[in-house]
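# Per-entry structural report
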Amino acid sequence: LSVNVGFDVMSRDETLATLAAYRRWLLAHPDQFLLAGTLSDIDNARSTGRLAVSFDIEGMNAMGGDVNMVEIYHTLGVRQMLFAYNLNNSAAGGCHDIDMPLTKFGIEILAEMNRVGMIVDASHTSYLSSMDLIERSSSPVVFSHSNPSSVWQHQRNIKDDQIRACAARGGVIGLNGLAIFVGDNDSSSEGLLRHLFRLIDLAGPTHVGLGFDYT
């Protein structure tokens, strides 16, 4: 399970405070949870009947303009970061804003995420920023919770060429289960399957996962 500890409406201080609270609670319940930083930690959690948990951040406002925060967040358990949360920020474009590629700051953050081994996530980002991430990243990029716009037109959904480019570089696209991204407030299994099969047709089954975006 990846727990979101911050997104772009929160400041760096608010994100750090949220992260600290989650860390303290999880570490106080070691019989049920394991704060996972590696794949072997996930295997360990499974073999001992616990839930493996890591953290993610949606958008780069949590950086506070400082690329050095990437390593700090990684050390505290963040294993995945999105470059924008719907709107443009100092690093990248958001899907509900004016389309733009990565900024110089965004390129610096990407290099640092690649260096420390953090998952690069392009969900919620604009088209040009997502394609920039896929092209520039030295590790595969994911769309952790994004559906194909060729099935349902929504600004949060992604185009077929984004899906193909992600898969071609080894990435994964996670099927989003929220009804507004599936169809006209469509919460049916049939609606989900239409998106799932479209993703498989475009990317191949090894590049498709589940990122339902709700609990």
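Our subject in this report is the structure included herewith. (Residues numbered from 1 in each chain as written. Predicted model: local features only at pLDDT ≥ 70, side-chain atom pairs only at ≥ 80, totals over all residues. Heavy atoms only, no water.)

### Observations concerning the overall build of the chain
- Along the backbone of the chain there are eight helices and eight strands.
- Computed over its C-alpha atoms, the radius of gyration of the chain comes to 17 Å, within 12% of the 17 Å expected for a compact globule of 215 residues.
- Oriented by its inertia axes, the alpha-carbon framework of the chain measures out at about 45 × 40 × 30 Å.
- Residues classed as buried in the chain amount to 49% of the 215 residues present.
- Summed over its atoms, the accessible surface of the chain is roughly 10,300 Å², and 56% of this surface lies on carbon and sulfur atoms.
- Of the side chains in the chain, 15 bear a positive and 24 a negative charge, and the two mean positions are spaced by 4 Å. (Helix = DSSP H or I, 4+ residues; strand = E, 2+ residues; numbered from the N terminus. Rg over C-alpha atoms; globule rule 2.2 N^0.38 Å. Buried < 20%, exposed > 50% of the residue type's maximum accessible area, 1.4 Å probe, protein only. Areas by Shrake-Rupley, 256 points an atom, 1.4 Å probe, with all protein chains shown as cover. Lys, Arg positive; Asp, Glu negative; His and termini not counted. Charge placed at Lys NZ, Arg CZ, Asp CG, Glu CD.)

### With respect to the pairing of strand β7 (residues 172-175)
- Where strand β6 (residues 141-143) meets β7, two bridges bridge the pair, whose relative direction is parallel. Looking across to β7, one finds that V142 is bridged to V172.
- Note that the unit made of β6, helix α6 (residues 160-168) and β7 has a crossover that is right-handed.
- Note that β7 and strand β8 (residues 208-210) share three bridges and pair parallel. Within β8, the residue paired with G174 across the bridge is G209. (Pairing = 2+ DSSP bridges. Right-handed = clockwise from strand over helix to strand, strands pointing away.)

### Re the pattern of salt bridges
- Counted under the stated rule, the structure contains eight salt bridges.
- D132 is the partner of R136 in a salt bridge, and the nearest nitrogen-oxygen pair spans 2.8 Å. Here R136 pairs with D132, and both are found in helix α5 (residues 127-136), just four residues apart, close to one helical turn.
- Taking the relative accessible area as the measure of exposure, D132 reaches 14% and is therefore buried.
- A salt bridge links R169 to E135; the shortest N-O distance between them is 3.9 Å. Of this pair, R169 sits in the loop between α6 and β7 while E135 sits in helix α5, and the two are 34 residues apart along the sequence.
- Note on R169: relative accessible area 40%, which makes it partly exposed. (Salt bridge = Lys/Arg side-chain N within 4 Å of Asp/Glu carboxyl O.)

### Some thoughts on the environment of D99
- As for its position among the elements, D99 is in the loop between β4 (78-82) and α4 (104-116).
- A polar side-chain atom of D99 sits 2.8 Å from a polar atom in the side chain of S126.
- Polar side-chain contacts of D99 include one of 3.3 Å to the backbone nitrogen of Y127. (Polar contact = N/O pair within 3.5 Å; in protein donor to acceptor, adjacent residues only side chain to side chain.)

### Digging into the nonpolar core
- The biggest cluster of nonpolar side chains holds 46 residues, and the ones touching the most others in it are M63, V78, M81, F83, I109 and M113.
- Setting aside residues up to four positions removed in sequence, V78 forms contacts with V5, L19, F55, D56, I57, Y73 and M118. (Core = buried A, V, L, I, M, F, W, Y, C linked by side-chain atoms within 4.5 Å. Contact = heavy atoms within 4.5 Å.)

### Points about the packing of α5 against α6
- With their axes 10 Å apart at the nearest point, α5 and α6 run at an angle of 15° to one another. The pairing of α5 with α6 is recorded here as roughly parallel in orientation. As α5 packs across α6, the resulting crossing turns out to be left-handed. In this structure, α5 contributes Y127, S130, M131 and I134 to the contact, and α6 contributes D161, Q162, A165 and C166. (Axes fitted to C-alpha atoms, helices over the stretch in contact; angles between N-to-C directions. Parallel < 35°, antiparallel > 145°, perpendicular 65-115°, else oblique. Left-handed = near helix turned anticlockwise from the far one by under 90°.)

### Quick notes on the packing of α6 against helix α8 (residues 189-203)
- Two elements in contact, α6 and α8, have axes whose closest approach is 9 Å; the angle formed by their N-to-C orientations is 55°. In terms of axis orientation, α6 runs oblique to α8. The two elements α6 and α8 cross, and the hand of that crossing is right-handed. Between α6, through D160, I163, R164 and A167, and α8, the contact on the second element is made entirely by R198, L199, L202 and A203.

### Focus on the environment of S189
- Counting through the fold element by element, S189 comes out in helix α8.
- S189 sits 138 residues away from L51 along the chain, and the two C-alpha atoms are 26 Å apart.

None of this, on its own, says anything about what the molecule does.
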